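Descriptive analysis of the structure
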Amino acid sequence: MNEATLLSKGYRKYEGENIDVYFNIDICQHSGNCVRGDNEVFDTERKPWIIPLKDHFQQIQDVINTCPSGALKYKLKDSDEILP
Ligand code: SF4
């Protein structure tokens with residue numbers, strides 16, 4: 001899947017310096033893994049609620065890999081591959 005497909009499916013993009021994050025609220029199961037995993041990047045009290053902080057590069061990937069619904073995706077800046 002590429003970014004255009006993801007956006008056409010209703011994902012929103014949250015751009016960072018070294019990683020971009022995508023989120024689709026219609027798919028989210030509200031498990032809270034993201035907020036518990038990194039509450040500086042994922043904060044539902046804030047707008048935007050996702051800020052892909054540069055120095056959280058690895059943690060963002062680790063947290064998104066625990067999202068049970070597929071509502072969160074990411075793309076490294078030097079790649080076109082959408083993960084996971
Ligand atoms: S981990 Fe995924 S399913 Fe759970 S609240 Fe976050 S985005 Fe939603």
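Quick note: structure is the one above.
Scoring rules and cut-offs
Residues numbered from 1 in each chain as written. Predicted model: local features only at pLDDT ≥ 70, side-chain atom pairs only at ≥ 80, totals over all residues. Heavy atoms only, no water. Helix = DSSP H or I, 4+ residues; strand = E, 2+ residues; numbered from the N terminus. Polar contact = N/O pair within 3.5 Å; in protein donor to acceptor, adjacent residues only side chain to side chain. Contact = heavy atoms within 4.5 Å. Core = buried A, V, L, I, M, F, W, Y, C linked by side-chain atoms within 4.5 Å. Buried < 20%, exposed > 50% of the residue type's maximum accessible area, 1.4 Å probe, protein only. Near = heavy atom within 4 Å. Nonpolar A, V, L, I, M, F, W, Y, C, P; charged D, E, K, R; others polar. Arc of directions from axis to C-beta.

Focus: unusual backbone geometry
- The residue after Lys47, namely Pro48, is reached through a cis peptide bond having omega -5 degrees.
- By the element assignment, Pro48 lies in the loop between helix H2 (33-37) and helix H3 (57-64).
- With an omega of -10 degrees, the peptide bond between Leu83 and Pro84 qualifies as cis.
- The residue His30 is not glycine, and still its phi comes out positive at about 55 degrees.
- By the secondary structure assignment, His30 is in the loop between strand E2 (19-23) and H2.

Some remarks on the side chain of Asn24
- Structurally, Asn24 can be placed in the loop between E2 and H2.
- A distance of 3.0 Å separates a polar side-chain atom of Asn24 from the backbone nitrogen of Asp26.
- Those residues in contact with Asn24 that lie beyond four places of it in its chain are Lys9, Gly10, Tyr11 and Ala71.

So, the nonpolar core
- Formed by 16 residues in total, the largest nonpolar core has its most connected members in Val21, Phe23, Phe42, Trp49, Ile50, Ile64 and Leu72.
- Elements with a minimum of two residues in this core: E2, H3 and strand E3 (72-76).
- Here Phe23 is in contact with Gly10, Tyr11, Arg12, Tyr14, Cys28, Trp49, Ile50, Ala71 and Leu72, once residues within four sequence places are set aside.

Let's talk about the site of the ligand
- If you check the shell around the ligand, you find Phe23, Cys28, Gln29, His30, Ser31, Gly32, Asn33, Cys34, Cys67, Pro68, Ser69 and Leu72 and nothing else.
- Looking at the shell around the ligand residue by residue, the classes come out as 6 nonpolar, 6 polar and no charged.

So, H3
- The set of residues buried in H3 consists of Ile60, Gln61, Val63 and Ile64. Buried residues of H3 fall within an arc of 165 degrees about the axis and therefore sit on the same side.
- Looking at the buried side of H3, the elements it contacts are E2, H2 and E3.

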